Amino acid sequence: MSHTDLESISPRETLEWYLDHRRDELRMATRRKHESALGSFVTWADEVGIEDMNEVAGRQLMEFKTWLKTESDLATVSLNGNLAILQRFLRFCERIEAVEEGLADRTPLPNVPPEEEVNYQVPTDEEVEAVRSHFLRFEYASRRHVEFELIAEVGIRLGAVRGIDLEDFDEEERIIHLRHRPEGTEEYGTPLKNGRDGERIINVSDQLREFLVDYVEHNRVEVVDQYEREPLFTTSGGRPSTATIRRDFYKMTRPCEYSGDCPHDREISDCEAAKNANAADCPSRFSTHPVRKWSIMNQLDAGVPKELLSDRVDVSVPVLDKHYDHRTEERKSRHRREALAATMDQYAVTDGGQPPDTD
């Protein structure tokens with residue numbers, strides 16, 4: 001198709017068409033990723049004066065990649081993800097005759113170094129336990145205390161935590177039902193990442209059950225959401241957004257918050273990140289996903305079989321191995337020795353010191 005055969009349309013309008021076209025197939029979190037990645041493209045187009053998608057060619061794509069890498073300081077794997085979304089967007093543009101055919105194939109996707117393919121960010125045991133100890137003492141059974149404990153113990157996703165209703169928690173059986181409820185708008189629906197395939201029942205410890213019961217009895221705000229559902233975790237305005245919970249984690253996990261010290265030798269009184277509004281700027285803070293990673297590693301260390309853990313945290317075993325099992329070989333070896341020793345101790349008790357007959 002020649003340039004003269006293309007239909008004139010602005011980058012911003014094309015993005016609106018694209019998001020509307022994929023409205024029914026993109027889950028909420030995926031849609032937000034696409035809006036963010038393509039929003040950067042529209043911002044760049046505005047800055048360089050591109051008013052029509054017809055003007056976008058291979059050279060412009062290279063210029064955008066350079067701009068994105070400079071402006072965002074993205075790691076290669078994240079840059080690759082954003083450009084892959086742009087490539088899909090350009091295929092849509094080809095179908096509506098907004099860009100030349102074949103342009104999508106010229107999207108400059110970087111090669112991802114093996115060391116960047118996986119994000120290894122995870123808090124230390126000492127950091128997690130210090131946060132737990134602080135909030136156990138000073139903010140017992142608050143919403144954010146219990147949310148932190150739930151993710152740290154079980155390893156479920158942020159969206160799953162937010163979507164739990166009061167009726168999903170069975171304090172007698174010590175279980176929580178995780179249910180896929182995508183109704184309504186993106187802001188108010190509570191879908192699970194893997195849809196109905198992600199629905200499951202999770203067991204909680206006696207201690208976590210106690211935290212949950214005390215939170216419900218003493219600190220939970222009695223509200224319903226716009227669908228007359230009763231969220232387990234609430235604010236005065238209803239069900240907290242994922243952004244609210246994420247900001248809570250940023251605030252909670254600053255060292256100055258839970259220890260009173262700063263590992264970056266900053267004067268806390270002068271540090272901008274010490275202000276709650278700027279908590280995300282603290283170099284040592286962490287969000288919900290690193291805590292989920294820590295939880296999964298902790299459960300692997302405790303001997304939970306990967307097949308069972310896979311169901312509990314809703315990821316496949318291969319994904320567990322690649323993205324979550326970041327234990328060192330020394331740590332894995334120590335765990336195997338401990339598991340073997342425990343097994344031999346069991347033999348000694350049940351079979352007079354002899355392994356059971358397997359014939």
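Everything numeric here is computed off the predicted structure, so don't read it as measured data.

Calculation criteria
Residues numbered from 1 in each chain as written. Predicted model: local features only at pLDDT ≥ 70, side-chain atom pairs only at ≥ 80, totals over all residues. Heavy atoms only, no water. Pairing = 2+ DSSP bridges. Helix = DSSP H or I, 4+ residues; strand = E, 2+ residues; numbered from the N terminus. Axes fitted to C-alpha atoms, helices over the stretch in contact; angles between N-to-C directions. Parallel < 35°, antiparallel > 145°, perpendicular 65-115°, else oblique. Left-handed = near helix turned anticlockwise from the far one by under 90°. Contact = heavy atoms within 4.5 Å. Buried < 20%, exposed > 50% of the residue type's maximum accessible area, 1.4 Å probe, protein only. Phe/Tyr/Trp six-rings, centres within 6.5 Å; stacked < 30°, edge-to-face > 60°. Salt bridge = Lys/Arg side-chain N within 4 Å of Asp/Glu carboxyl O.

Caption draft 1: Broad picture of the sheet that holds strand β1 (residues 169-170). Read from one edge to the other, the open sheet built from 3 strands follows the order β1-β2-β3, with strand pairing classed as antiparallel. At either end of the open sheet lies a strand with only one pairing partner, and these are β1 and β3 (200-203). Across 2 bridges, β1 lies against strand β2 (residues 175-178) in antiparallel orientation. Residue pairing in the sheet places F169 in a bridge with I176 of β2.

Caption draft 2: Just the packing of helix α11 (residues 288-301) against helix α12 (residues 306-313), in detail. Taken N-terminus to C-terminus, the directions of α11 and α12 make an angle of 155°; their axes are 11 Å apart at the nearest point. When the interaxial angle is binned, α11 and α12 end up roughly antiparallel. Seen from above, α11 lies across α12 with right-handed handedness. Residues R292, I296, Q299 and L300 of α11 touch α12, and the partners they reach there are K306, L309, R312 and V313.

Caption draft 3: Broad picture of the environment of C93. Within the element layout of this structure, C93 appears in helix α4 (residues 76-95). Residue class for C93 comes out buried when judged on its relative accessible area of 0%. When the C-alpha atoms of C93 and W17 are compared, they prove to be 9.5 Å apart, with 76 residues separating the residues in sequence. The contact partners of C93, leaving out residues within four places of it in the chain, are T14, M53, A98 and V99.

Caption draft 4: A look at the environment of L68. Examined against the element boundaries, L68 turns out to sit in helix α3 (residues 58-72). Linking L68 and N82, residues 14 residues apart in sequence, is a C-alpha distance of 9.3 Å.

Caption draft 5: Geometry of unusual backbone geometry. You will see that A141, though not glycine, has its phi angle at about 60°, which is positive. Looking at where A141 falls in the secondary structure, it is placed in the loop between α5 (125-138) and α6 (143-154). The exposure class assigned to A141 is buried, which follows from its relative accessible area of 1%. One non-glycine residue with positive phi stands out, namely E228, at about 65°. Its place among the elements puts E228 in the loop between α8 (206-219) and α9 (242-252).

Caption draft 6: Summary view of the packing of aromatic side chains. Scanning the entire structure with this criterion turns up 10 aromatic pairs. With 5.6 Å between their ring centres and 75° between their planes, Y140 and F211 make a pair best called edge-to-face. In this pair, Y140 is assigned in the loop between α5 and α6 and F211 in helix α8, connecting sequence segments 71 residues apart. Overall, F211 belongs to the buried group, its relative accessible area being 4%. Measuring from ring centre to ring centre gives 5.5 Å for Y215 and F233, while their planes differ by 35°; the resulting arrangement is tilted. One end of the pair, Y215, is in helix α8; the other, F233, is in the loop between α8 and α9, with 18 residues separating them in the sequence. In this pair, the class of Y215 matches that of F233, namely buried.

Caption draft 7: Structural detail: the pattern of salt bridges. Summed over all chains, the structure comprises 25 salt bridges. The shortest N-O distance in the salt bridge between D105 and R91 comes to 3.1 Å. Of this pair, D105 sits in the loop between α4 and α5 while R91 sits in helix α4, placing them 14 residues apart in sequence. Given the relative accessible area of 55%, D105 is considered exposed. Exposure remark for R91: the relative accessible area of 34% places this residue in the partly exposed category. One continuous salt-bridge network, built from bridges that share partners, spans D165, E167, D168, R179, R181, D225, R229 and R239.

Scope: geometric values only; no functional claims are made or implied.
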